[in-house]
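Here are the chains, one letter per residue:
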Amino acid sequence: MTLSAHDKELVAKTWTKIAPKAAQIGGEALGRLIAVFPQTKTYFSHFADHSASSPQIKAHGAKVLGAIGQAVSGIDNVSASLSKLSELHAYNLRVDPVNFKLLAHTLLVTLSAYLGAEFTPEVHLAWDKFLALVATVLSEKYR
Amino acid sequence: MVHWTDEERQAISSTWAEINVEEVGHQALARVLVVYPWTQRYFSTFGNLSKPSAIAGNPKVRAHGKTVLVALGDAIKNLDNVKATYAKLSELHSEKLHVDPENFKLLGETLIISLAAQFGAAFTPDIQAAWQKLMAVVTAALSKQYY
């Protein structure tokens, strides 16, 4: 499943809208991940507070969305844009790839909450595809 | 037997009280058909599903979305026994409709996203968690009679 020109356009347009709130949105998406899928806490045992409302979790979520923003800027070659992160996930973090799908879901929920009616089915589709691509790139060096 | 906390019951019923069953049903089903277009295989009698705008305006999609959400209301009224409540529906989906149970998950996801679109920040992580649990329970109940 590849991104069409239209998908890329929709992703870029959405990003422009949400960029000013990217840190908040990223923080909320990760907080929702912890709240809804508590097994994901296992990756954050090194945080003193790894509850859904933890400031460390929120800060980390902001980082994650920042990286996704980089992928948006380099959407024509996500593999190149996220190459270092791909290695980090493969050799250091080794987050089970199933969790990329879970975070994609909570990010979609957060985008939907922020954008309301503007998060149309087409925008939703473009982001679902884009986040699936990001997940593929992040796990491409796992084995 | 599924164990529900008071907070979860409250989260579900308070959200349910505020939703327009036809509208949310329509949104959730339309999203499934747009975002996961292979699901259109189950709706060959629905007419024009060729583009998102066609799906959004399709009266059969709207009507069916409402049917689905009304059925969800039955589960919500019978939270302590969703499996029994859905036994016939499960059989219908398996024997007559031949729906891959994976689709129950997809609709569960788009319903959550539709609720987030309607309620915004009021759809808190804890409320989302309660609804995700409900979607998992509904999915399990609908899949139960498959063999």
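Below you will find a few notes about this structure. (Residues numbered from 1 in each chain as written. Chains lettered and ligands numbered in written order. Predicted model: local features only at pLDDT ≥ 70, side-chain atom pairs only at ≥ 80, totals over all residues. Heavy atoms only, no water.)

**Observations regarding the interface of chain B and chain A**
One frequently used descriptor of interface size is the decrease in accessible area upon assembly of the parts.
Argument step 1. If you look at the interface, chain B gives 19 residues, while chain A gives 20 residues.
Argument step 2. It is R31, V35 and I113 of chain B that lose the most area in chain B upon contact with chain A, and together they represent 30% of the buried surface on that side.
Argument step 3. At the boundary of chain B and chain A, one finds 0 salt bridges.
Argument step 4. Taken together, the connections running from chain B to chain A amount to 7 residue pairs in polar contact (both at pLDDT 80 or more).
Argument step 5. Elements that contribute at least two residues to the side of chain B that touches chain A include exactly α2 (21-35), α7 (102-119) and α8 (125-143) of chain B.
Argument step 6. Taken together, the residues that form the side of chain B that touches chain A break down as 12 nonpolar, 5 polar and 2 charged. (Contact = heavy atoms within 4.5 Å. Buried area = accessible area lost by both parts, 1.4 Å probe. Salt bridge = Lys/Arg side-chain N within 4 Å of Asp/Glu carboxyl O. Polar contact = N/O pair within 3.5 Å; in protein donor to acceptor, adjacent residues only side chain to side chain. Helix = DSSP H or I, 4+ residues; strand = E, 2+ residues; numbered from the N terminus. Nonpolar A, V, L, I, M, F, W, Y, C, P; charged D, E, K, R; others polar.)

**Some thoughts on the side chain of H89 of chain A**
All names here are of chain A.
Argument step 1. Along the chain, the position of H89 falls in helix α5 (residues 83-93).
Argument step 2. Judged by relative accessible area, which is 12%, H89 ranks as buried.
Argument step 3. Within the structure, H89 has its side chain in polar contact with the backbone oxygen of L85 (distance 2.8 Å).
Argument step 4. The contacts of H89, once residues within four sequence positions are left out, are R94, V95, F100, L138 and Y142. (Buried < 20%, exposed > 50% of the residue type's maximum accessible area, 1.4 Å probe, protein only.)

**Focus: α8 of chain B**
Argument step 1. Between the first and last C-alpha of α8 of chain B there are 27 Å, a value that for 19 residues agrees with the 27 Å anticipated at 1.5 Å per step.
Argument step 2. Those residues of α8 of chain B lying buried are I127, Q128, A130, W131, Q132, L134, M135, V137, V138, T139, A141 and L142 of chain B. (Expected span 1.5 Å × (residues − 1).)

**Things to note about the packing of aromatic side chains**
Residue and element names in this part refer to chain B.
Argument step 1. Enumeration according to the criterion identifies 5 aromatic pairs over all chains in this entry.
Argument step 2. In this structure, R41 packs its charged tip against the face of Y42, placed 5.0 Å from the ring centre.
Argument step 3. The residue whose ring lies beneath K133 is W4, and the NZ or CZ to ring-centre distance is 5.0 Å. (Phe/Tyr/Trp six-rings, centres within 6.5 Å; stacked < 30°, edge-to-face > 60°. Lys NZ or Arg CZ within 6 Å of the ring centre and 35° of its normal.)

**A short note on the environment of K144 of chain B**
Residue and element names in this part refer to chain B.
Argument step 1. One can find K144 in the segment after α8.
Argument step 2. Distance from K144 to S90, taken between C-alpha atoms, is 6.5 Å for residues 54 residues apart in sequence.
Argument step 3. Dropping the residues within four chain positions of it, K144 is found in contact with K83 and S90.

**Thoughts on unusual backbone geometry**
Residues and elements named next belong to chain A.
Argument step 1. Residues other than glycine seldom take positive phi values, yet R94 does so here, at roughly 45 degrees.
Argument step 2. Inspection of the secondary structure puts R94 in the loop between α5 and α6 (98-115).
Argument step 3. The exposure class of R94 is exposed, given its relative accessible area of 58%.

**Considerations on α2 of chain B**
Argument step 1. For α2 of chain B, built from 15 residues, the straight-helix expectation of 21 Å at 1.5 Å per residue is met to within 8% by its first-to-last C-alpha distance of 21 Å.
Argument step 2. Here α2 of chain B lies mainly inside the structure; 11 of its 15 residues are buried.
Argument step 3. Three or more residues of α2 of chain B are buried, namely V24, G25, H26, A28, L29, A30, R31, V32, L33, V34 and V35 of chain B.
Argument step 4. In this fold, the buried residues of α2 of chain B make contact with α7 (121-139) of chain A together with α3 (52-57), α4 (59-77) and α7 of chain B.
Argument step 5. Where α2 of chain B starts, the residue carrying a side-chain oxygen 3.0 Å from the main-chain nitrogen of E22 of chain B turns out to be N20 of chain B.

**Side note on the nonpolar core**
Argument step 1. Among the nonpolar cores identified, the biggest contains 77 residues, and W127 and F130 of chain A together with L72, Y86, F123, W131 and L134 of chain B are the most heavily contacted of them.
Argument step 2. Top element by residues in this core is α6 of chain A. It accounts for 10 residues. (Core = buried A, V, L, I, M, F, W, Y, C linked by side-chain atoms within 4.5 Å.)

**Remarks on the packing of α7 of chain A against α2 of chain B**
Argument step 1. As a packed pair, α7 of chain A and α2 of chain B sit with axes 9 Å apart at the nearest point and diverge in direction by 45 degrees. On the basis of the axis angle, α7 of chain A is oblique to α2 of chain B. Crossing of α7 of chain A against α2 of chain B: the hand is right-handed. Counting all contacts with α7 of chain A, which are made through P121, E122, H124, L125 and D128 of chain A, the residues of α2 of chain B involved are R31, V34 and V35 of chain B.
Argument step 2. The residue makeup of the contact of α7 of chain A with α2 of chain B, split by class, is 4 nonpolar, 1 polar and 3 charged. (Axes fitted to C-alpha atoms, helices over the stretch in contact; angles between N-to-C directions. Parallel < 35°, antiparallel > 145°, perpendicular 65-115°, else oblique. Left-handed = near helix turned anticlockwise from the far one by under 90°.)

**Examining the side chain of S112 of chain A**
Argument step 1. With respect to the secondary-structure elements, S112 of chain A resides in helix α6.
Argument step 2. On the accessibility criterion, S112 of chain A (0% relative accessible area) is buried.
Argument step 3. When sequence neighbours within four positions are dropped, the list of residues in contact with S112 of chain A reads F119 of chain A together with I113, A116 and A117 of chain B.

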